[in-house]
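So you can see what is in the structure, the chains are spelled out below.
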Amino acid sequence: MRKTLLATGLILASIPAAHAESTMSNFSYDYAEARIGISPLTYGAGFSKSIHPNAHIIASIDTEFDSDWDAAIGVGFHAPVNNWADITGELKARNVKDRGCFDSSAGKLGMEVNLGIRQWLGPQFEVGGQIGHLNIDDHEKTIGNVYGRFHATELFSIGVAGRFNDIYGDQMMITTRFKF
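Residues numbered from 1 in each chain as written. Predicted model: local features only at pLDDT ≥ 70, side-chain atom pairs only at ≥ 80, totals over all residues. Heavy atoms only, no water.

*Asks:* How would you sum up the environment of E64? Please name residues and give values.
*Replies:* Looking at the secondary structure, you find E64 in the loop between strand 3 (55-63) and strand 4 (69-82). Take E64: its relative accessible area is 26%, and that puts it in the partly exposed class. The spatial distance from the C-alpha of E64 to the C-alpha of Y43 is 6.4 Å, given a sequence separation of 21 residues. Non-local contacts of E64, meaning those with residues more than four positions away in its chain, are made with P40, L41, T42, R99 and Y168. (Helix = DSSP H or I, 4+ residues; strand = E, 2+ residues; numbered from the N terminus. Buried < 20%, exposed > 50% of the residue type's maximum accessible area, 1.4 Å probe, protein only. Contact = heavy atoms within 4.5 Å.)

*Asks:* I'd like a rundown of the nonpolar core, residues and numbers included.
*Replies:* In this structure, V96, L134, I136, I143 and I167 together form the largest nonpolar core, which totals five residues. Each residue touching I143, except ones within four places of it in the same chain, is listed here: R94, E112, Q130, I131, G132, L134, F164, N165 and D166. (Core = buried A, V, L, I, M, F, W, Y, C linked by side-chain atoms within 4.5 Å.)

*Asks:* How would you explain the sheet that holds strand 8 (residues 139-151) if you had to name every residue and give the values?
*Replies:* Spatial ordering of the closed barrel is given by 1-2-3-4-5-6-7-8-9-10, a layout of ten strands whose pairing is antiparallel. If you compare each strand with its neighbour and ignore which way they point, the axes differ by 20° on average. With nine bridges joining them, strand 9 (residues 156-166) and strand 10 (residues 169-179) adopt antiparallel strand pairing. Along strand 10, the bridge assignment pairs I158 with T176. (Pairing = 2+ DSSP bridges. Axes fitted to C-alpha atoms, helices over the stretch in contact; angles between N-to-C directions.)

*Asks:* Explain the pattern of salt bridges residue by residue, including any values.
*Replies:* Scanning the entire structure with this criterion turns up 13 salt bridges. For D62, the salt bridge identified is with R35, shortest N-O distance 3.0 Å. Of the two residues, D62 is situated in strand 3 and R35 in strand 1 (residues 31-38); the sequence distance between them amounts to 27 residues. By the burial criterion, D62 is buried, and R35 matches it. The partner of E126 in a salt bridge is R118, with the nearest N and O atoms 2.8 Å apart. Take E126 and R118: they sit in the same class, and that class is buried. (Salt bridge = Lys/Arg side-chain N within 4 Å of Asp/Glu carboxyl O.)

*Asks:* Account for the environment of W84, with residues named and values stated.
*Replies:* On the secondary structure map, W84 appears in the loop between strand 4 and strand 5 (85-97). For the pair W84 and G122, spaced 38 residues apart in sequence, the C-alpha separation works out to 9.0 Å. Beyond its immediate chain neighbours, meaning those up to four positions away, W84 contacts N26, F27, R118, Q119 and W120.

If you want it as structure tokens, here you go:
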């Protein structure tokens, strides 16, 4: 029931942004990303593509290369709060396999819903964060992340992120993002 209410709330919150004709986002949501997680060591990739002025699709995968994975695919919304910040939200299907709770040959399927904010601190520096709810195979937890990203050029940025209470636990990430 809680999953249904969260998904319904996220969809209803995105309806006004979907109908706004002149709403322009402050950030690009068209990118490919490569990342390395620290403690535990993981490798990952992500992808985002705008499908509407205020909506995007997103996909990602992370692994320790030890017969494990954390894969996600979903849809998100984004809308400007002011000239320097966007509010974001995502609804994702997640498939996870690890040696702990989610050990099966095809992994376990679940869902994630989250809300976040992206903020410019200057012409090249962005900060942001998300808080969300993850439910996989009756395992529920609150997850979150915070990050800082330096945009070296218009098409390339590097960043540092902290993930909290996610599949691989608390983890620091080093990321690179390529805008297309």
